[in-house]
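# Coordinate analysis (summary)
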Amino acid sequence: MPIADLGDRSLHYVRRGEGLPLLLIQGMAGHHLMWGEALLSDLERDFDVVAFNHRGIGDSSRAEPPYEITDLADDAAALMAALGWSDANVFGVSLGGMVAQQVAIRHPERVRTLTLGCTYAGKGGTLGSPGLSRIARARATGDVRETMRASYEVNLSPALRVDESWFARFADAALAERVPGQVIMMQQQAALRHDAVADLAGIDVPTLVVHGTADEVVTFANAAHVAGAIPGARLEVMPDVGHLFWWERPELTAKLLREHAR
């Protein structure tokens, strides 16, 4: 993976394809491999795609506490500058959707279009969910396999999990990069402090909100709240799809991004 020198920190990233610039921003404990080959191979046909690891993850710079969602948004904007992009289509999911919101708020000149997936805006929404509680209990045991099983079952819908082979794919991807527990805790605390609702009304770029109705991590109730906070935002609902909707519906996700960017 190449590395982007951002001055006092660096971020590792992958870059694929040619075409319109598209920045992918992962969620809590996520890294570039969590986008999945199915989505990336589809997107690279029409986009210059960049996916990166947040600070503290993989070979990106160490994360020092405390930090906020705004710090991660500044990282994303600095990465775009380092890539030579004046602006880009920005797609963030879960915690990455919170980061993408702040990129659009703090660096509006950097955002051509905004796509927010399975995310939360702040006051009026909710981060309380059975899925997050289950993952927390599993992590507390210190058993990696139990944590992977809980994460797998709450991130993907029951319909997909009928095929048990998905567990190995999920675990292999999740464990392929170093994601320290301390970094996950810092991300969690930053997410809990995130409240962009008052500023979202000022976003004036085309915005798409995507959410699966079977999401057990960031519940579907947040979808209308996020979309309603941004003028002109369009909500795309994926029925019976879980939190990692881009795993379950990679072709549809790529199609939506392609149409939205155009």
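Above this text you will find the structure in question.
To start, this report covers the structure provided alongside it. Note that the structure is predicted; figures quoted are calculated from it, not measured.

A negative phi holds for most residues other than glycine; trans holds for most peptide bonds. The omega torsion of the bond from proline 65 to proline 66 falls at -10 degrees, within 30 degrees of zero and hence cis. With respect to the element layout, proline 66 can be found in the loop between β4 (47-52) and α2 (69-83). Phi is positive for serine 94, which is not a glycine, with a value near 55 degrees. Mapped onto the fold, serine 94 is located in the loop between β5 (88-93) and α3 (95-106).

On to the pattern of salt bridges. Side-chain pairs of opposite charge can arise whenever the charged atoms involved come near each other. Under the definition given, this model contains 20 salt bridges. Arginine 193 is the salt-bridge partner of glutamate 68, the closest N and O atoms lying 2.9 Å from each other. With glutamate 68 in the loop between β4 and α2 and arginine 193 in helix α7 (residues 181-193), this pair connects stretches of sequence that are 125 residues apart. Arginine 149 is paired through a salt bridge with glutamate 153; the nearest N and O atoms lie 3.5 Å apart. One end of the pair, arginine 149, and the other, glutamate 153, are both in helix α5 (residues 144-155), four residues apart, so they sit about a helical turn from each other. Bridged by salt links that share partners, the residues Asp42, Arg45, Asp46, Arg258 and Arg262 form one connected network.

Right, let's get into the nonpolar core. Counting 50 residues, the largest nonpolar core has Leu23, Ile25, Phe52, Leu79 and Leu114 as its most contacted members. When residues of this core are assigned to their parent elements, the largest contribution, seven residues, is made by α2. Sequence-distant contacts of phenylalanine 52, that is, excluding residues within four places in its chain, are made with Leu11, His12, Tyr13, Leu23, Leu24, Ile25, His32, Ala76 and Leu79. In this structure, Leu39, Val49, Leu208 and Trp247 belong to the second largest nonpolar core, which totals 36 residues.

With that settled, consider the side chain of glutamate 248. As for its placement among the helices and strands, glutamate 248 is situated in helix α10 (residues 245-248). Look at glutamate 248: it is buried, it has no salt bridge, and the nearest opposite charge is arginine 249 at 4.5 Å. Apart from residues lying up to four places away in sequence, glutamate 248 is in contact with Asn155, Leu156, Ser157, Leu160, Asp240, Val241 and Gly242.

As a further point, take helix α4 (residues 130-141). The end-to-end C-alpha distance of α4 is 17 Å, a good match for the 16 Å that 12 residues give at a rise of 1.5 Å each. By the burial criterion, the buried members of α4 are Gly131, Ile135 and Ala138. Projected onto a plane normal to the axis of α4, the buried residues spread over an arc of 65 degrees and lie on a single side. Opposite the packed face of α4, turned more than 90 degrees from it, sit the exposed residues Pro130, Arg137 and Ala140. Buried residues in α4 make contact with α5. Glycine 142 sits one or two residues past α4 and shows a positive phi near 75 degrees.

At their nearest, the axes of α5 and helix α6 (residues 165-174) sit 10 Å apart, and the two run at 115 degrees to each other. If you check the angle between α5 and α6, you find them roughly perpendicular. For the crossing formed where α5 meets α6, the hand is right-handed. Facing Arg145, Met148, Arg149, Ser151, Tyr152 and Asn155 of α5, the residues of α6 in contact are Trp166, Phe167, Phe170, Ala171 and Ala174. For the contact of α5 with α6, the per-class residue count stands at seven nonpolar, two polar and two charged.

Time to look at the packing of aromatic side chains. A full pass over the atoms with the stated rule returns eight aromatic pairs. On the numbers, 6.3 Å between centres and 50 degrees between planes, the contact of phenylalanine 91 with phenylalanine 245 is tilted. Of the two residues, phenylalanine 91 sits in strand β5 while phenylalanine 245 sits in helix α10, which places them 154 residues apart along the sequence. The exposure class assigned to phenylalanine 91 is buried, which follows from its relative accessible area of 0%. For the pair tyrosine 152 and phenylalanine 170, a centre-to-centre distance of 5.9 Å together with 55 degrees between the ring planes defines the contact as tilted. With tyrosine 152 in helix α5 and phenylalanine 170 in helix α6, the pair connects residues that are 18 residues apart, well separated along the chain. Owing to a relative accessible area of 0%, tyrosine 152 belongs among the buried residues under this scheme. For phenylalanine 170, a relative accessible area of 4% puts it in the buried group. The rings of Tyr152, Trp166, Phe167, Phe170 and Trp247 are connected pair by pair, giving a single aromatic cluster. The ring of phenylalanine 167 is capped by arginine 149, whose NZ or CZ atom sits 4.1 Å from the centre of that ring. In this arrangement the basic side chain of arginine 169 is found over the ring face of tryptophan 166, its NZ or CZ atom lying 4.0 Å from the centre.

Basis of the calculations
Along every chain, residues carry numbers that run from 1 in the direction the sequence is written. Totals for whole chains, interfaces and linings use every residue, but because this is a predicted model, local features are given only for residues with pLDDT of at least 70 and side-chain atom pairs only at 80 or more, for both listing and counting. No hydrogens and no water enter the side-chain calculation; it runs on all heavy atoms of the structure. Runs of H or I in DSSP of at least four residues are treated as helices and runs of E of at least two as strands, each being numbered from the N terminus. One speaks of a salt bridge when a side-chain nitrogen belonging to Lys or Arg is within 4 Å of a carboxyl oxygen belonging to Asp or Glu. Working definition of a nonpolar core: buried Ala, Val, Leu, Ile, Met, Phe, Trp, Tyr and Cys residues. They are joined through side-chain atoms within 4.5 Å. Buried, partly exposed and exposed residues are distinguished by accessible area as a fraction of the type maximum, computed with a 1.4 Å probe on protein chains only: under 20%, between the cut-offs, and over 50%, respectively. Note on contacts: a residue pair is in contact if any heavy atoms of the two residues lie within 4.5 Å. Charged residues are defined here as Lys and Arg on the positive side and Asp and Glu on the negative side; His and the ends of the chain fall outside this count. Expected span, for any helix, means 1.5 Å times one less than how many residues it has. Throughout, the arc means that of the directions going from the helix axis to the C-beta atoms. Inter-axis angles, ranging from 0 to 180 degrees, are taken between N-to-C directions of lines fitted to C-alpha atoms, where helices are fitted over the stretch in contact. An angle counts as roughly parallel when it lies under 35 degrees, as roughly antiparallel when it exceeds 145, as roughly perpendicular when it falls between 65 and 115, and as oblique in every other case. Take the far helix as the reference: if the near one is turned anticlockwise from it by less than a right angle, the crossing is left-handed, and if turned clockwise, right-handed. Under the scheme applied, nonpolar residues are Ala, Val, Leu, Ile, Met, Phe, Trp, Tyr, Cys and Pro; charged residues are Asp, Glu, Lys and Arg; polar residues are all the others, including Gly. Here a Phe, Tyr or Trp ring, Trp counted by its six-membered ring, pairs with any other such ring whose centre lies within 6.5 Å, and the pair is stacked when the planes are under 30 degrees apart, edge-to-face when over 60, and tilted otherwise. Lysine NZ or arginine CZ positioned within 6 Å of the ring centre and within 35 degrees of the ring normal marks a charge as sitting over the ring.

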